[in-house]
Amino acid sequence: MSFIWSLIVGGIIGWLAGLIVGRNIPGGIIGNIIAGFVGAWLGTAVLGDWGPNVADFAIIPAIIGAAVLVLLLSFIMRAFRKAD
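Basis of the calculations
Residues numbered from 1 in each chain as written. Predicted model: local features only at pLDDT ≥ 70, side-chain atom pairs only at ≥ 80, totals over all residues. Heavy atoms only, no water. UniProt positions renumbered as here; feature names shortened; annotations may be inferred. 1 Å grid on protein atoms, 1.4 Å probe; cavity = no way out; pocket = protein on both sides within 12 Å on 5 of 7 lines; lining within 4 Å. Points joined across faces, edges and corners; volume = space filled by probe spheres on them. Nonpolar A, V, L, I, M, F, W, Y, C, P; charged D, E, K, R; others polar. Helix = DSSP H or I, 4+ residues; strand = E, 2+ residues; numbered from the N terminus. Buried < 20%, exposed > 50% of the residue type's maximum accessible area, 1.4 Å probe, protein only. Phe/Tyr/Trp six-rings, centres within 6.5 Å; stacked < 30°, edge-to-face > 60°.

Naming follows an unreviewed UniProt entry, where the protein appears as GlsB/YeaQ/YmgE family stress response membrane protein of Neobacillus cucumis. Turning to the protein, the UniProt record has this under Sequence similarities (unreviewed entry): "Belongs to the UPF0410 family."

Encoded structure:
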């Protein structure tokens, strides 16, 4: 049950990051989950483990990290589209 809860929270974090940045995450729900997990890892590594924790995610650093990840991915994808 804990794994399912982590997937749900990771997906919500990725979805919120996409809303904050104003860009869609490629891959739909799977992309949201991946962005949530990677963003949580990135945010916790850079900002530390502070703020409220839900399903072992420090929510505030996770959302910030996921938003940065979404921005980076959107810039990279835009650069590849212009190259074509």
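Still to come is the rest of the account.
> Could you give an account of the layout of surface pockets, naming the residues involved and the relevant values?
Approximately 150 Å³ is the volume found for the largest pocket. As for the largest pocket, its lining consists of Arg 23, Asn 24, Ile 25, Pro 26, Val 70, Leu 73, Ser 74, Met 77, Arg 78 and Arg 81. Per-class residue counts for the lining of the largest pocket are five nonpolar, two polar and three charged.

> Which residues make up the environment of Ser 2, and what values go with them?
Along the chain, Ser 2 falls in helix α1 (residues 2-21). Residue classification places Ser 2 among the exposed residues on the basis of a relative accessible area of 54%. Sequence separation of Ser 2 and Asp 56 is 54 residues, and the distance between their C-alpha atoms is 9.5 Å.

> Pulling in residues and values, what's your account of the UniProt feature "transmembrane region" (unreviewed entry) in the protein?
Under the UniProt annotation, the feature "transmembrane region" (unreviewed entry) is placed at residues 6-22, 29-47 and 59-80. End-to-end, the C-alpha atoms of residues 59-80 are 31 Å apart, and along that stretch the chain is 100% helix and 0% strand.

> I'd like to hear about the packing of aromatic side chains, residue by residue, with values.
Going through the model one piece at a time under the given rule, you end up with one aromatic pair. Their ring planes at 70° and their centres at 5.3 Å tell us that Phe 37 and Phe 57 sit as a pair that is edge-to-face. With Phe 37 in helix α2 (residues 28-47) and Phe 57 in strand β2 (residues 57-58), the pair connects residues that are 20 residues apart, well separated along the chain. Residue Phe 37 is classed as partly exposed on the basis of its relative accessible area of 33%.

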